[in-house]
Each structure stands twice: as C-alpha cells, then as structure tokens.
Amino acid sequence: MKSIPKLPLAEWIESLVDGMERTLGGFFDGLSLTIETIVDFFAGLFLLPHPLLFIVIIGIIAYLIGKWQLALFTVIGFLLIDNLGYWDETMSTLGLVITSGLISILLGIPIGIWSAYSKLVHRIVSPLLDFMQTMPAFVYLLPAVTFFSLGVVPGVIASVIFAIPPTIRLTYLGIKQVSGELTEAANAFGSTSWQKLFKVELPLAMPTLMAGVNQTIMLSLSMVVIASMIGAQGIGATVYRAVTQLKIGQGFEAGLAVVVLAIVLDRFTQNLFKSKSQRGD
C-alpha cells in the first residue's frame, strides 16, 4: 500500500524564518537593542543602591502595599539572598522579569480589550493563545535565538510569548463579565466608548485583569532557568550550571533565591490594587 507523502512542514517553517530574517533583519536589530537597553536599565537601577538600602526601600514599599507581614517576609527574604551571595544575579533576573512582564502587559491588555469588543478578533486570538500555552516552552527558544542571537534578548522574547496569554484571556474575561445593565446605563447617560471603557468596564474588570497580570509575571519568572540555556544571565544561569555540574547545594541555594523572588512578586501584584479594607489593618 502506497503511503501518503509527509508534509514538508519543517521546510516550510525554516523557509518562513529565513525569509523573515532577510526582510526584517533591521527591525529585529532595533528591537534587540531596545529590549537590551530596557533590561540593562532596570538591572542597573536595582543594583545602584547598596543592597541594605535597597532592602529598606523595598521593605517600606511592601509595608505600604501589604502591611507588616509582607514587609517582614520581603526584608528577610532579600537579606537571605544577599547573605547567600546571589544579589547581583537576582537583580539581573528581576530586571529581565520586569521587562518581559511589562512588555506582556502593555501588549496583552489592549489585545484583550480588542478581543472583548470584536468577536472576529476573539475567534482569531483564542486558538493562537491555545497554541502558545500548549507549545513546549523550549520550542520558543529556537526562533528567538535565530532572530536575536544568544543573550538576554531572546530570553525576554521567549518569556513574552510564553507569559502573555493569561493577561489577554483574563482581560477579555473581566470585560465580558461586566454587567450588561451597567454598560446600558453608561450608554443612557451618553458616555462615549472610551469613557465607558475607562470609567465603567476596566475598573470593574480590574480584579480579574490583575489576576492575569499576576500569572503573567509568575510565568515570566518561571522562564528564567530556561532562558539561561540561551545565554540570559541571572539566577537562572546559576541554577542551570548547578544542575549540569550536579552541585546540589548550590542549586538549592539559587533555587531558594528564585522562590523568594517569586513569592515577593506574587504578593506585590496580588496586593497592589486591593483596597485598604480588603487588605485589613
């Protein structure tokens, strides 16, 4: 029995990537320079003060956002990171996570709003998000390295692709869950589309939207170890080296720094838009 010939899918993908590399090379170079500058800015900003001064500042911010429990954990956690000797690596990782998180949020929220307003856009975006969330994260490293070489930039790009779906989905969900009576009342009072969006829909959708932002930041942080495989520096590179060299103790220490950073970022984003009455005294 004659077998069906295999589709040359791999060749098609490689041809597409080669074509994009030839025609969009200048754009990718400019994007790479921009992302690298942003990451270096945040990393340099976090490394600028002495670690103890930074810990005091972040502790005060944590108290203002989440009261003394969050402040205590933040101070102790960052003192532990400094004591273990992973301060510079952790700050570099924080710069990478903040950059990829900001890009994901700045792109994801408008796309989520657009999806909520347009059924056609939602039909197009929804399967793309399913694809992005089910594709193994390692696969994103291949085109990222092809277009942006090795270093922190492909790590940021891979993190954005991996982490952006929750922001888009939950922004869409939050807006769609707004009561129809409220939007009709806004229309009855003569509100424009922008007024209705910014004064009615987005404020009511904010808890759901912030849950998406929280998940996006956590997914960005989860990519730091994977991104270290393509040259992204930071605490992820330390974890990766410890794994490849079977240094269990060093791997545990570096992993603990990632855990502390993850918990702090998680609690910050959870408490950022909560009211004082919700947080409690």
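Per an unreviewed UniProt entry, the protein chain carries the name Proline/glycine betaine ABC transporter permease and comes from Paenibacillus mellifer. The heading Sequence similarities (unreviewed entry) in the UniProt record of the protein chain holds the text "Belongs to the binding-protein-dependent transport system permease family."

A.B. asks: Residue-level account of helix α9 (residues 193-222), with values.
C.D. replies: Compared with the 44 Å implied by 1.5 Å per residue over 30 residues, the 37 Å span of α9 between its first and last C-alpha is markedly short. At Met206, α9 is bent by approximately 60 degrees, the largest bend along its length, and proline Pro207 sits one to four residues beyond.

A.B. asks: Would you mind going over the pattern of salt bridges in detail, with residue names and values included?
C.D. replies: Enumeration according to the criterion identifies two salt bridges in this entry. Residue Asp130 pairs with Arg169 through a salt bridge whose shortest N-O separation is 2.4 Å. Linking Asp130 in helix α5 (residues 119-134) with Arg169 in helix α7 (residues 152-176), this pair joins segments that are 39 residues apart in sequence. Two residues, Arg267 and Asp266, come together in a salt bridge whose shortest N-O distance is 2.3 Å.

A.B. asks: So what about the environment of Pro166? Which residues, and what values?
C.D. replies: Looking at the element boundaries, Pro166 is found in helix α7. Residue class for Pro166 comes out buried when judged on its relative accessible area of 4%. Separated by 26 residues in sequence, Pro166 and Tyr140 have C-alpha atoms that sit 17 Å apart. Setting aside residues up to four positions removed in sequence, Pro166 forms contacts with Gln133, Gly212, Gln215, Thr216 and Leu219.

A.B. asks: How would you explain the UniProt feature "domain: ABC transmembrane type-1" (unreviewed entry) in the protein chain if you had to name every residue and give the values?
C.D. replies: Following the UniProt record, the feature "domain: ABC transmembrane type-1" (unreviewed entry) maps to residues 90-269 here. Taken end to end, residues 90-269 is 84% helix and 0% strand, and its two terminal C-alpha atoms sit 18 Å from one another.

A.B. asks: Which residues make up unusual backbone geometry, and what are the values?
C.D. replies: Leaving glycine aside, a negative phi is the common case for residues, and trans is the common case for peptide bonds. A positive phi angle is found at Leu246, which is not glycine, with a value near 55 degrees. If you trace the backbone, Leu246 turns up in the loop between α11 (235-244) and α12 (248-271).

A.B. asks: Hey, could you go over the side chain of Thr238 for me, with residue numbers and the actual values?
C.D. replies: Among the secondary structure elements, Thr238 is positioned in helix α11. Using a relative accessible area of 2% as the deciding quantity, one classes Thr238 as buried. Dropping the residues within four chain positions of it, Thr238 is found in contact with Tyr86, Glu89, Gln250 and Ala254.

A.B. asks: Tell me about a nonpolar patch on the surface, residues and numbers included.
C.D. replies: A grouping of Val56, Ile60, Tyr63, Leu64, Trp68, Leu72 and Ile76 is seen on the molecular surface, where their side chains present a nonpolar patch of about 740 Å² in accessible area. Among the structural elements, Leu64 can be located in helix α3 (residues 51-84). Using a relative accessible area of 57% as the deciding quantity, one classes Leu64 as exposed.

A.B. asks: I'd like to hear about the nonpolar core, residue by residue, with values.
C.D. replies: Judged by nonpolar contacts, the single largest core of 55 residues is most densely connected at Phe78 and Leu221. With near-sequence residues (within four places) excluded, Leu221 lies in contact with Thr93, Val97, Val258, Leu261, Ala262 and Leu265.

A.B. asks: Lay out the environment of Ile230 in plain terms, naming residues and giving numbers.
C.D. replies: Among the structural elements, Ile230 can be located in the loop between α10 (224-227) and α11. Owing to a relative accessible area of 7%, Ile230 belongs among the buried residues under this scheme. Linking Ile230 and Gly151, residues 79 residues apart in sequence, is a C-alpha distance of 6.1 Å. Excluding residues that lie within four positions of it along the chain, Ile230 makes contacts with Leu141, Val145, Leu150, Gly151, Pro154 and Gly155.

A.B. asks: Describe the environment of Leu96, and please don't skip the residues or the numbers.
C.D. replies: Tracing the backbone through its elements, the reader meets Leu96 in helix α4 (residues 87-117). Separated by 58 residues in the primary sequence, Leu96 and Ile38 have C-alpha atoms spaced 8.8 Å apart. Excluding residues within four positions of it along the chain, Leu96 makes contact with Val39, Val152, Val156, Ser159, Val224 and Ala232.

A.B. asks: Describe the UniProt feature "transmembrane region" (unreviewed entry) in the protein chain, and please don't skip the residues or the numbers.
C.D. replies: This chain's UniProt record puts "transmembrane region" (unreviewed entry) on residues 41-64, 70-87, 94-117, 137-164, 216-236 and 248-269. Secondary structure across residues 248-269 comprises 100% helix and 0% strand; the distance between its end C-alpha atoms is 31 Å.

A.B. asks: Tell me about the packing of aromatic side chains, and please be specific about residues and values.
C.D. replies: Inspection of every chain in the model, using the stated rule, returns seven aromatic pairs. When the ring of Phe42 is compared with that of Phe46, the centres are 6.2 Å apart and the planes differ by 25 degrees; the resulting orientation is stacked. With Phe42 and Phe46 both in helix α2 (residues 25-47) and four residues apart, the pair spans about one turn of that helix. With respect to burial, Phe42 and Phe46 carry one shared label: buried. Taking the centre distance of 5.9 Å and the plane angle of 70 degrees together, the rings of Phe78 and Trp87 count as edge-to-face. The pair Phe78 / Trp87 is uniform in exposure class, with both members buried.

Parameters at a glance
Residues numbered from 1 in each chain as written. Predicted model: local features only at pLDDT ≥ 70, side-chain atom pairs only at ≥ 80, totals over all residues. Heavy atoms only, no water. UniProt positions renumbered as here; feature names shortened; annotations may be inferred. Helix = DSSP H or I, 4+ residues; strand = E, 2+ residues; numbered from the N terminus. Expected span 1.5 Å × (residues − 1). Bend = angle between axes of the 7 residues up to and from the residue. Salt bridge = Lys/Arg side-chain N within 4 Å of Asp/Glu carboxyl O. Buried < 20%, exposed > 50% of the residue type's maximum accessible area, 1.4 Å probe, protein only. Contact = heavy atoms within 4.5 Å. Patch = residues over 30% accessible without salt bridge, like charges linked within 9 Å, V, L, I, M, F, W, Y side chains within 5 Å. Areas by Shrake-Rupley, 256 points an atom, 1.4 Å probe, with all protein chains shown as cover. Core = buried A, V, L, I, M, F, W, Y, C linked by side-chain atoms within 4.5 Å. Phe/Tyr/Trp six-rings, centres within 6.5 Å; stacked < 30°, edge-to-face > 60°.

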